[in-house]
Amino acid sequence: MTSVTSVRTNVKWNGERAEYFHPQRGIRQGDPISPYLFVICTDKLSHLITQAVNERKWRPMRAGRNGPLISHLMFADDLILFAEASVDQMTVVLNIIDQFCQLSGHEVSQEKTSIMFSKNVCPRIKETLVKMSGFFEATSLGKYLGVPLVGRAPKRSDYNYLINQVKTKLSAWKAKHLSFAGRVTLSKAVIEAIPIYPMMTTTIPKSCLNEIQKIQRAFIWGDDNGGRKYHAVSWENVTLPKAYGGLGMRRLVQMNKACLMKMGWVI
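Per an unreviewed UniProt entry, the protein chain carries the name Putative ribonuclease H protein and comes from Trifolium medium.

Given below as structure tokens:
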């Protein structure tokens, strides 16, 4: 706290600096030490949850039959809590949250907090727990950092936004004003950039990746709404490395596997 309370600052007013003063409302937004202090404070919440789990008061969720027990996940100011859908467990969760709020001075944002139930939870228990918590019920976790969070096998509909982004970037009018080399360069830059982020953590459906590559092929060879133009070279040859006579285009299905292998290697 010495780094926070010992600070002095002044304000430039009409071209002249005023007297120095000590801030009384905490550090300013954007200060480099701000997220570090926040993580230190929220780490206490992690300790409270871990203590409740060790005392068998909090029953966490198991990730798979032989997977580890998960009670909470944190990333900066984002928090996901996992517990059994029962009145006793909801009471434990709310008590720990209230205890942390009293210690830290934080408050739970009701608008930004939601509760998601398993399909096995009956409607009566859902209604009871929603009333106890005061949070609204959500049917899905939505997106996090632009990637859909789905608790099932991914579907093509979950990643249609990637196809729409590619269509927006590689529009037909751009193909008319670019040479073949320009279309290849633009398609490589766009295609490799847009889906690479979700590829790092998720197996994207092949139908979605094949549709993106179909759009890419059409853009490279100059297809338009009027019809399909002549594709002079097969796609297998185009995707070969330049040293082997290709254009170095990447196959997205193999690229997805490589990204997942990279994450597996880190683990």
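Novice: Honestly, the pairing of strand β6 (residues 78-81) in this entry has me stumped. Any pointers?
Specialist: Within a regular strand, side chains alternate between the sheet's two faces. Sheet topology places strand β5 (residues 72-75) next to β6; four bridges connect them, and they run antiparallel. Residue pairing across strands places histidine 72 opposite leucine 81, the latter belonging to β6. Where β5 folds back on β6, the antiparallel hairpin that results is connected by two residues, among which alanine 76 adopts a positive phi of roughly 60 degrees.

Novice: Would you mind going over the state of the cysteines with me for this structure?
Specialist: Think of a disulfide as a covalent bridge from one cysteine sulfur atom to another cysteine sulfur atom. Inspection of the entire model under this criterion finds zero disulfides. This cysteine, cysteine 259, is not joined by any disulfide, and cysteine 208 carries the nearest cysteine sulfur, 14 Å off. Using a relative accessible area of 5% as the deciding quantity, one classes cysteine 259 as buried.

Novice: When you look at the side chain of asparagine 10 in this model, what are you seeing that I'm missing?
Specialist: Along the chain, asparagine 10 turns up in the loop between α1 (2-5) and β1 (12-13). Look at asparagine 10 and you get buried, because its relative accessible area is 14%. A distance of 3.2 Å separates the side chain of asparagine 10 from the side chain of arginine 17, its partner in a polar contact. Setting aside its immediate chain neighbours within four residues, asparagine 10 contacts Arg17, Ala18, Glu19, Tyr20 and Phe21.

Novice: In this structure, what is going on with the nonpolar core? I would like to understand it.
Specialist: Buried together is how nonpolar side chains tend to be arranged in soluble globular proteins. Membership of the largest hydrophobic core comes to 20 residues, with the highest contact counts inside it found for Leu162, Val166, Met199, Ile204 and Ile212. The set of elements that each furnish at least two residues to this core consists of α5 (160-169), α7 (180-193), α9 (206-220) and α11 (252-266). For this core, the element with the highest residue contribution is α9, accounting for five residues. Among residues more than four places away in sequence, those in contact with valine 166 are Ile191, Ile194, Ile212 and Ile215.

Parameters and conventions
Residues numbered from 1 in each chain as written. Predicted model: local features only at pLDDT ≥ 70, side-chain atom pairs only at ≥ 80, totals over all residues. Heavy atoms only, no water. Pairing = 2+ DSSP bridges. Helix = DSSP H or I, 4+ residues; strand = E, 2+ residues; numbered from the N terminus. Disulfide = S-S within 2.5 Å. Buried < 20%, exposed > 50% of the residue type's maximum accessible area, 1.4 Å probe, protein only. Polar contact = N/O pair within 3.5 Å; in protein donor to acceptor, adjacent residues only side chain to side chain. Contact = heavy atoms within 4.5 Å. Core = buried A, V, L, I, M, F, W, Y, C linked by side-chain atoms within 4.5 Å.

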